[in-house]
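# Coordinates in review
Okay, here's what each chain looks like letter by letter:
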Amino acid sequence: MSTSLNASRAVWLHIGAGSFHRAHQAWYLHRLIAKGDTRWSVALANIRDDATPLLDALAEQNGQYVLETVTPQGERQYETITSIRKVIPWDNELAALMAEGARPETRVISFTVTEGGYYLDNQFNLDQGNGDIQADLLGGCRTIYGTIAQLLEYRKQLNGDPVTLLNCDNLRHNGERFRHGLMQFLQLRQEKALIGWIESHTRCPNTMVDRITPRPSPDVAQRVAQATGFQDRAPVMGEAFIQWVIEDDFIAGRPALEEVGVELVESVLQYEEAKIRILNASHSCIAWAGTLIGQSFIHESTGTPAICQLAYDYVTQDVIPSLTPSPLDLVAYRDVVLERFSNPHIRDTNQRVAADGFSKIPGFITPTLQECYQRGQVPAATAMLPALFFVFMQRWHQHNLPYDYQDGILDAAAVHQMFNSADPVAVFAADEKLFSTLAHSAPFAQLLRQSIDKVNHWLTQ
């Protein structure tokens, strides 16, 4: 795909003002600017008003902020990120966001969404019963679908220029599944003209993104001030490791991202499968297990031999055979991931990583369970992950977690009902949204029951 542009300046609009974008995509575009390629800059916006203080702080700093990165050995580096050249203020109608998205200079619109924020069922179809989706079907902008639909309709009316829609998150096949969900959303709204325009004027490449980025704690700003002299009101920190793999399918030009280490490929499938199953699923396993024994941080839980062994066995016994053959060195990737989790300087919390389990089990874990059975293997190591989540949610049901559990698709009433039932494990194992076809498998239900017993035995030791 050509990187050429018809205009001398182009805008990369990002929706989602959280830490990850500013530690990841904005860093790559900053590095491109630092190399002398100033053709692209970032405009930053948010759908909800919860990021208004951050956006205000960034606006006062002309979009600039300091990124702190740290290695597992404790080596810290500080870099002032300069790629965000426009901070879009939030308003109730998202009018400023819509106007920016409709400008012909805006050639890429990217977004970072949690797994639950795509509102997809276990068949990856739009969950039409969700309240936010229902509100957006009536014209709202609570979700990425309602927002993008309104933005693209406005763009179509004003100029009709093509634009690339780019997911920057952990959903498997994220571009394809977002596009499918968006089209279903528009079909429900009977937006035939807009559907036709999107089909001919947009692309949705799949991507894989990676950099552990915890929520910034107050001491980040203190270290930034000490190291740089800058009293930064919007600093961000992350690990030194970073990776971005994108399918090279842009419709309106793109930055020369390959010049700053981004991998532009024909297919991200093998990259994303390795990352989602080895990194993301193991991360959740460690967070759930660590929380159950009273730990607060990922590094201390990874440093607990029994917990690290759970993650190691899951990857070694079940995931690597599922992903072999692979162009990637999966054994080396496993070891690097566990080393990254052990970084004591990141201080990533179990609370952050434990979130959204009801999306992570079907997205990150169930495919490995299914593939093990398909090749005649009992997925004993993988079954420990949903078992940990079951006991974790049992603690939630009992109001006995040390923090507020955050989950975009949590049906609190249904979970309480499950644990109040005569056989909560049977109800859990039979949940099609979590376990797809395995929800009808007696051997899987038995394995899950045995795994939950193992977790409870471990907790009593």
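Residues numbered from 1 in each chain as written. Predicted model: local features only at pLDDT ≥ 70, side-chain atom pairs only at ≥ 80, totals over all residues. Heavy atoms only, no water.

- An unreviewed UniProt entry lists the chain under the name D-arabinitol 4-dehydrogenase, with Serratia oryzae as the source organism.

## A short note on the pattern of salt bridges
- Tallied over the full model, the rule gives 24 salt bridges.
- A salt bridge links E79 to R31, with the shortest nitrogen-to-oxygen separation between them at 2.7 Å. Linking E79 in strand β4 (residues 76-81) with R31 in helix α2 (residues 25-34), this pair joins segments that are 48 residues apart in sequence.
- Owing to a relative accessible area of 21%, E79 belongs among the partly exposed residues under this scheme.
- Here the salt bridges do not stand alone but share partners, grouping E68, R76, D219 and R223 into one network. (Salt bridge = Lys/Arg side-chain N within 4 Å of Asp/Glu carboxyl O. Helix = DSSP H or I, 4+ residues; strand = E, 2+ residues; numbered from the N terminus. Buried < 20%, exposed > 50% of the residue type's maximum accessible area, 1.4 Å probe, protein only.)

## A look at empty space enclosed by the protein
- Considering all chains together, one arrives at 2 cavities of 30 Å³ or more under this definition.
- In this structure, the largest cavity occupies an estimated 40 Å³ of space.
- As for the largest cavity, its lining consists of I212, H283, I298, H299, R340, F341, N343, I346, R347 and D348.
- Listed by contribution, the elements that provide at least two residues to the lining of the largest cavity are α11 (298-302) and α13 (330-341).
- Considering only residue class, the lining of the largest cavity consists of 4 nonpolar, 3 polar and 3 charged.
- Taken as a whole, the second largest cavity spans an internal volume of roughly 30 Å³. (1 Å grid on protein atoms, 1.4 Å probe; cavity = no way out; pocket = protein on both sides within 12 Å on 5 of 7 lines; lining within 4 Å. Points joined across faces, edges and corners; volume = space filled by probe spheres on them. Nonpolar A, V, L, I, M, F, W, Y, C, P; charged D, E, K, R; others polar.)

## Looking at the UniProt feature "domain: Mannitol dehydrogenase N-terminal" (unreviewed entry) in the chain
- Under the UniProt annotation, "domain: Mannitol dehydrogenase N-terminal" (unreviewed entry) lies at residues 13-258.
- Span residues 13-258 is 37% helix and 21% strand, its end C-alpha atoms 19 Å apart. (UniProt positions renumbered as here; feature names shortened; annotations may be inferred.)

## Remarks on the nonpolar core
- Residues L388, F389, F392, M393, F428 and F435 are the most contacted members of the largest nonpolar core, which totals 66 residues.
- Broken down by element, the residue count for this core peaks at 11 residues, all from helix α10 (residues 269-292).
- Excluding residues within four positions of it along the chain, F435 makes contact with I361, T366, L369, Q370, P386, F428, A429, F444 and L448.
- Listed in part, the 38 residues of the second largest apolar core include I88, C141, F178 and L194. (Core = buried A, V, L, I, M, F, W, Y, C linked by side-chain atoms within 4.5 Å. Contact = heavy atoms within 4.5 Å.)

## A few points about the side chain of E115
- Note that E115 resides in the loop between β6 (106-111) and α5 (131-137).
- Among buried charged residues, E115 stands out as having no salt bridge; its nearest opposite-charge side chain is K360, 5.1 Å away.
- Excluding residues within four positions of it along the chain, E115 makes contact with N170, D356, S359, K360 and F364. (Lys, Arg positive; Asp, Glu negative; His and termini not counted.)

## Thoughts on the packing of aromatic side chains
- Following the criterion strictly, the structure yields 17 aromatic pairs and no others.
- When the ring of W27 is compared with that of Y28, the centres are 5.0 Å apart and the planes differ by 75°; the resulting orientation is edge-to-face. The pair W27 / Y28 is uniform in exposure class, with both members buried.
- With 5.4 Å between their ring centres and 45° between their planes, Y28 and W244 make a pair best called tilted. Of this pair, Y28 sits in helix α2 while W244 sits in strand β11 (residues 243-247), and the two are 216 residues apart along the sequence.
- Note on Y28: relative accessible area 2%, which makes it buried.
- By relative accessible area, W244 is classed as buried at 0%.
- Put simply, the rings of W288, F358, F389, F392, Y403 and Y405 touch in pairs and so form one group of aromatic residues. (Phe/Tyr/Trp six-rings, centres within 6.5 Å; stacked < 30°, edge-to-face > 60°.)

## Brief notes about the pairing of strand β2 (residues 40-45)
- Of all 6 residues in β2, 6 are buried, a share of seventy percent or more.
- Here β2 shows a buried face lined by W40, V42 and L44 and a second buried face lined by S41, A43 and A45.
- For strand β1 (residues 10-15) and β2, the ladder comprises 6 bridges, and the chain directions are parallel. Paired with V11 across the strands is S41, a residue of β2.
- Inspection of the sheet shows β2 paired to strand β5 (residues 84-87) by 3 bridges, in the parallel sense. Bridge assignment links L44 to a residue of β5, and that residue is V87. (Pairing = 2+ DSSP bridges.)

## A few points about the packing of helix α15 (residues 357-374) against helix α16 (residues 380-397)
- Between α15 and α16, the least distance of the axes is 9 Å, while the angle of their chain directions is 160°. The angle between α15 and α16 falls in the class roughly antiparallel. Crossing hand, α15 versus α16: left-handed. In contact with G357, F358, I361, I365, T368 and L369 of α15, α16 contributes T382, A383, L385, P386, F389 and M393.
- Among the residues forming the contact of α15 with α16, the class breakdown is 9 nonpolar, 3 polar and no charged. (Axes fitted to C-alpha atoms, helices over the stretch in contact; angles between N-to-C directions. Parallel < 35°, antiparallel > 145°, perpendicular 65-115°, else oblique. Left-handed = near helix turned anticlockwise from the far one by under 90°.)

## Quick look at helix α3 (residues 52-60)
- For α3, the full list of buried residues reads L55, A57 and L58. Around the axis of α3, the buried residues are gathered within 160° of arc, so they sit on the same side. In this structure, α3 carries P53 and E60 as exposed residues pointing more than 90 degrees from its buried face.
- Tucked into the core, α3 has its buried residues touching α1 (19-23), β2, β3 (65-70) and β5.
- Where α3 terminates, the next one or two residues include N62, which has phi positive at roughly 55°. (Arc of directions from axis to C-beta.)

## Considerations on the domain arrangement of the chain
- Domain annotation of the chain identifies domain 1 (3-265) and domain 2 (269-460).
- Placing a centre on the C-alpha atoms of domain 1 and another on those of domain 2 gives a separation of 28 Å.
- Contacts between domain 1 and domain 2 engage 33 residues on the former and 31 residues on the latter.
- Summed over both partners, the interface of domain 1 with domain 2 buries about 2700 Å², with 53% contributed by carbon and sulfur atoms.
- Applying the counting criterion to the domain 1 and domain 2 interface returns 3 salt bridges.
- Put simply, E239 and R340 hold a salt bridge, and the shortest N to O gap is 2.4 Å. (Domains from an automatic or database assignment. Buried area = accessible area lost by both parts, 1.4 Å probe.)

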